[in-house]
Amino acid sequence: MAASVGCLRSAGLRLASLSRPMSTAAAGSDGRRVRIGCASGFWGDTSVSAPQLIRHGQLDFLVFDYLSEITMSLLTAVRARQPELGYAPDFIEAGVGGQLALGPLAHAFDWRWDDWDRLAAGSLAGHLLECGAQSTGGISTDWRRVPDWHRIGFPIADCGADGDLVLTKPQDTGGLVSVGTVAEQLVYEIGDPRRYLLPDVACDFSRVQLAATADGVAVSGARGRPPTDSYKVCGTHLDGYSATAVCPVIGPAAAEKAHRTAEAILARCRDIFAELKLADFSRTHVQVLGAEETYPDGPAPPRREAVLWLAVSHADKRALQVFGREVAPAGTGMAPGLTGLVGGRPKPTPVLRLVSFLVPKRDVDVSVDVDGADVPFTVAETAADASTPTDEPAEAPPAGAKPLGAFTYRLERVALTRSGDKGDSCNIGVVARSPALYPHLCRELTAERVAAYFTRLLPAGVDPTSLVDRYELPGVHALNFVLRQSLGGGGIASLRPDPQGKGYGQMLLDMELSGMPEVPELDREAEK
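Not measured: the values here are computed from a predicted model. (Residues numbered from 1 in each chain as written. Predicted model: local features only at pLDDT ≥ 70, side-chain atom pairs only at ≥ 80, totals over all residues. Heavy atoms only, no water.)

## Side note on the overall build of the protein
Right, so step 1: Looking only at helices and strands, the protein features 13 helices and 22 strands.
Right, so step 2: Within the span of the protein, comprising 528 residues, buried residues form 49% of the whole.
Right, so step 3: Here the protein has roughly 24200 Å² of accessible surface; of this, 54% comes from carbon and sulfur atoms. (Helix = DSSP H or I, 4+ residues; strand = E, 2+ residues; numbered from the N terminus. Buried < 20%, exposed > 50% of the residue type's maximum accessible area, 1.4 Å probe, protein only. Areas by Shrake-Rupley, 256 points an atom, 1.4 Å probe, with all protein chains shown as cover.)

## What to know about the layout of surface pockets
Right, so step 1: The calculated volume of the second largest pocket comes to roughly 570 Å³.
Right, so step 2: Lining the second largest pocket are 25 residues, and of these His285, Gln287, Thr294, Leu457 and Pro497 lie nearest its centre.
Right, so step 3: Of all elements in the fold, only strand 12 (283–289) and helix 13 (504–508) reach the threshold of two or more residues within the lining of the second largest pocket.
Right, so step 4: No other element matches the seven residues that strand 12 contributes to the lining of the second largest pocket.
Right, so step 5: Of the residues belonging to the lining of the second largest pocket, the class tally is 10 nonpolar, nine polar and six charged. (1 Å grid on protein atoms, 1.4 Å probe; cavity = no way out; pocket = protein on both sides within 12 Å on 5 of 7 lines; lining within 4 Å. Points joined across faces, edges and corners; volume = space filled by probe spheres on them. Nonpolar A, V, L, I, M, F, W, Y, C, P; charged D, E, K, R; others polar.)

## Section: the sheet that holds strand 8 (residues 209–212)
Right, so step 1: Ordered by their spatial adjacency, six strands build an open sheet running 3-2-4-5-9-8, and the pairing between neighbours is mixed. Of all the strands in the sheet, the pair left with one neighbour each is strand 3 (61–63) and strand 8. Within the sheet, the average angular offset between the axes of one strand and its neighbour, ignoring direction, is 25°.
Right, so step 2: Sheet topology note: the strand 2 (residues 33–38)/strand 3 ladder contains three bridges and is parallel. By the bridge assignment, Ile36 is partnered in strand 3 with Phe61.
Right, so step 3: Contacts from helix 5 (residues 116–129) reach strand 2, strand 4 (156–160), strand 5 (165–168) and strand 9 (217–220), with the element oriented near 5° to strand 5.
Right, so step 4: On top of the sheet, helix 6 (residues 179–186) reaches strand 5, strand 8 and strand 9; it is set at about 155° to strand 8, its chief contact. (Pairing = 2+ DSSP bridges. Axes fitted to C-alpha atoms, helices over the stretch in contact; angles between N-to-C directions. Contact = heavy atoms within 4.5 Å.)

## Considering helix 8 (residues 317–327)
Two residues of an α-helix separated by three or four positions point the same way, owing to the 3.6 residues in each turn.
Right, so step 1: Taken together, the buried positions of helix 8 are occupied by Ala319, Leu320, Val322, Phe323, Gly324, Glu326 and Val327.
Right, so step 2: Against strand 11 (230–250), helix 7 (254–276), strand 13 (305–314) and helix 9 (330–333) lie the buried residues of helix 8.

## Some thoughts on the pattern of salt bridges
Right, so step 1: Following the criterion strictly, the structure yields 22 salt bridges and no others.
Right, so step 2: For Asp142, the salt bridge identified is with Arg145, shortest N-O distance 3.6 Å.
Right, so step 3: The exposure class assigned to Asp142 is buried, which follows from its relative accessible area of 12%.
Right, so step 4: A relative accessible area of 42% means that Arg145 is categorised as partly exposed.
Right, so step 5: One connected set of salt bridges, linked through shared partners, spans Arg33, Arg35, Asp158 and Asp164. (Salt bridge = Lys/Arg side-chain N within 4 Å of Asp/Glu carboxyl O.)

## A few points about the pairing of strand 5
Right, so step 1: Side-chain alternation along strand 5 places Leu165 and Leu167 on one buried face and Val166 and Thr168 on a second face that is also buried.
Right, so step 2: As paired strands, strand 4 and strand 5 are joined by four bridges and run antiparallel to one another. Counterpart to Ile156 in the pairing with strand 5 is Thr168.
Right, so step 3: Here strand 4 folds back onto strand 5, and the loop between the two strands holds four residues, one of which, Gly163, carries a positive phi near 100°.
Right, so step 4: Bridging between strand 5 and strand 9 involves three bridges; their strand directions are antiparallel. Bridging from a neighbouring strand, Val166 pairs with Ala218 of strand 9.

## Focus: the packing of aromatic side chains
Right, so step 1: Going through the model one piece at a time under the given rule, you end up with nine aromatic pairs.
Right, so step 2: Chaining the aromatic ring pairs together yields one cluster made of Phe273, Phe281 and Phe323. (Phe/Tyr/Trp six-rings, centres within 6.5 Å; stacked < 30°, edge-to-face > 60°.)

## Considering the environment of Leu495
Right, so step 1: Tracing the backbone through its elements, the reader meets Leu495 in the loop between strand 21 (478–483) and helix 13.
Right, so step 2: A relative accessible area of 6% places Leu495 in the buried class.
Right, so step 3: As for Leu495 and Val312, which are separated by 183 residues in sequence, their C-alpha atoms are 6.9 Å apart.
Right, so step 4: Setting aside residues up to four positions removed in sequence, Leu495 forms contacts with Ser242, Arg283, Thr284, His285, Trp309, Ala311, Val312, Ser313 and Gly488.

## Focus on the packing of helix 7 against helix 8
Right, so step 1: As a packed pair, helix 7 and helix 8 sit with axes 10 Å apart at the nearest point and diverge in direction by 135°. Our classification of the angle between helix 7 and helix 8 gives oblique. With respect to the hand of their crossing, helix 7 and helix 8 are arranged in right-handed fashion. Side by side, helix 7 and helix 8 meet where Ile265, Arg268, Cys269, Ile272, Phe273 and Leu276 of the first sit next to Ala319, Val322, Phe323, Glu326 and Val327 of the second.
Right, so step 2: Classifying every residue of the contact of helix 7 with helix 8 gives nine nonpolar, no polar and two charged. (Parallel < 35°, antiparallel > 145°, perpendicular 65-115°, else oblique. Left-handed = near helix turned anticlockwise from the far one by under 90°.)

## Quick notes on the side chain of Gln134
Right, so step 1: Within the fold, Gln134 resides in the loop between helix 5 and strand 4.
Right, so step 2: Only 3.1 Å separates the side chain of Gln134 from the side chain of Gln185, close enough to count as a polar contact.
Right, so step 3: Leave out the neighbours within four places in its chain, and Gln134 touches Ile139, Thr181, Gln185, Tyr188, Arg418 and Lys502. (Polar contact = N/O pair within 3.5 Å; in protein donor to acceptor, adjacent residues only side chain to side chain.)

## So, empty space enclosed by the protein
Empty space among the atoms can be located by rolling a probe the size of a water molecule over them.
Right, so step 1: In this structure, the largest cavity occupies an estimated 100 Å³ of space.
Right, so step 2: Taken together, 13 residues make up the lining of the largest cavity; nearest its centre are Leu354, Gly423, Gly489, Gly490 and Gly491.
Right, so step 3: No other element matches helix 2 (residues 69–81), which puts three residues into the lining of the largest cavity.
Right, so step 4: Of the residues contributing to the lining of the largest cavity, the split by class is five nonpolar, five polar and three charged.

## Side note on the packing of helix 5 against helix 6
Right, so step 1: Remark: helix 5 packs on helix 6, axes separated minimally by 8 Å, with the N-to-C direction vectors making an angle of 105°. By the criterion of interaxial angle, the relationship of helix 5 to helix 6 is roughly perpendicular. Across the interface between the two elements, Leu124, His127 and Leu128 of helix 5 pack against Val182, Gln185 and Leu186 of helix 6.
Right, so step 2: Split by residue class, the contact of helix 5 with helix 6 holds four nonpolar, two polar and no charged.

In C-alpha cells, the structure reads:
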C-alpha cells in the first residue's frame with residue numbers, strides 16, 4: 001500500500017507565501033508569528049472567501065479543507081466517471097490552494113516531530129480553521145447576534161512558535177469571533193476530547209482555554225502525546241441506489257395526508273415489483289417535515305403546511321425508475337393539496353457507503369510530492385497507545401457540590417450547542433454560557449437524558465443508553481455527547497433529510513433543565 005498525500009507533516013511544504021514574505025514567519029522563538037487563513041470548509045464553499053483573505057488577511061499560508069467524509073465519497077463518484085480527477089478543483093479556480101494547518105506551522109517554526117504539545121497546538125489550530133466560517137459566527141447558536149452573513153469573514157489563526165494562537169478574521173468583514181463561536185467549533189465533530197487521534201499526535205483538548213482579546217480569541221492549553229501506530233483509512237463502496245421525493249402538502253391535516261400518500265406510493269411500487277419479479281426496497285424513510293416527528297414529544301399538533309420526505313433505496317436501478325414514475329401520479333390520484341415535486345421526478349443515484357478502519361503505519365509507504373517529484377518519507381515508529389491520559393481526572397468535579405436551584409430553563413438559555421457527523425455517529429457539543437453553570441449542566445444533562453431525548457433517531461430495538469457517551473471539557477466548560485448509529489448510515493448512505501446531524505444540537509436546545517440557578521437576563525430574542 002502506498003500513500004502520496006494526506007500525511008499532516010507534508011501539508012505545508014508546497015504552500016506559497018501570500019501577502020507578506022516568508023521571512024517574517026521564519027523559525028525561531030523571537031516573537032515572529034505565522035498567519036494561516038482557511039478559505040473553504042468543504043467542497044463547494046463560497047468563492048468570496050479566498051479574495052478577502054488574500055487582500056486583507058496578511059497571510060503567510062492559505063488552506064482549503066476538502067477532506068470531509070462526504071467529500072471523499074463524492075470525489076470517489078467523480079473519479080469513477082472521470083479517472084483523471086478524484087480531487088476538488090475549487091482551489092485551482094480560486095487561484096491558490098493547499099491543505100489541513102500543522103504542516104505549515106511545523107515547517108515555518110522547525111518544530112520537532114516529537115514535540116507533542118506543539119504538534120497538538122498546531123492540530124488544534126487546524127481543527128478551528130477546517131470548517132471555514134463555522135468558527136467566525138457561521139451556524140452559531142446565537143445567530144441573531146452575528147452580523148452581515150453575506151460578507152462573513154473567514155478564520156485566520158495567528159500562531160506563535162510556542163504553539164499559542166489567536167483566532168481572528170479579516171478586518172471590516174461580517175461574522176463574529178467570540179469565545180462562544182470558537183468554543184462551538186472546538187466541540188464540533190469530536191469524540192473523546194482527551195484522545196483526539198491524528199496521524200502525527202494524540203491530542204488532549206479537554207483543558208483548552210479561551211480568552212477574548214482585542215484581535216479575536218486566544219486559544220491555549222492543548223496537550224499532546226505520541227500518536228498510535230495506525231492510520232485511519234476511509235474506504236467507499238457502492239451499495240445500490242437511492243432516490244428521494246420531496247413534496248409540499250397544503251391544507252388541513254397536511255401531515256396525515258402526507259403519510260397516507262407515502263404509504264400508497266410504496267404499496268403501489270411493491271405491487272409493480274411483484275409483477276416484474278423485483279425484490280422489495282432495501283430501505284425506506286418517510287418523514288413529514290414541519291410535523292416535528294423526530295422530537296421526543298412529537299408529532300406536533302396538526303399543521304396546514306408540511307413537506308413529505310420519501311426516500312428509498314434498492315439494489316436494482318430499475319426499481320427506483322419505477323418509484324420515480326409512480327410519485328407524480330399522487331398529484332391526481334391521492335391526497336388533495338400535493339402541490340408538486342421539488343426538483344422534478346426523483347432519479348436513481350448511487351449510494352456510496354463509507355467504511356473507516358485502521359491500517360498499521362508500517363504497512364504504508366509514504367511519499368511527499370515536492371515540485372512534481374515523489375520523495376520517500378520515513379514515519380518514525382512510536383510505542384504509544386490510544387489510551388486516555390491518566391494524569392488528570394476523567395470526570396468533571398462532582399456536580400453534587402452545587403446546591404440545587406429553583407429555576408427551570410430551556411437549554412438554549414444556559415448553553416450553546418454545535419453538532420456534526422463522523423460516519424454514522426453524531427456528536428453534540430454543549431457549552432455552558434458561564435463557568436458557574438457548568439456544574440449544573442454536568443448534573444442535569446446526563447447521557448441517559450440525551451439518549452431518551454433522541455430515542456426516535458436511534459435504532460429501534462436497542463437500549464438507547466448503550467449508544468450515547470458523554471465526555472467533559474472543563475477547560476471550556478463544555479460537555480460532548482456522541483450518539484452512535486444515529487444518522488441512518490450517515491453521509492451519502494443515509495436516506496434522512498439530516499444525514500450529518502447538523503440539526504441535532506438545535507433540537508437539544510429545547511430540552512428543559514430543572515434545578516438550575518437563576519440566570520441573569522440574556523438576549524430575550526434567543527428565547528423566541
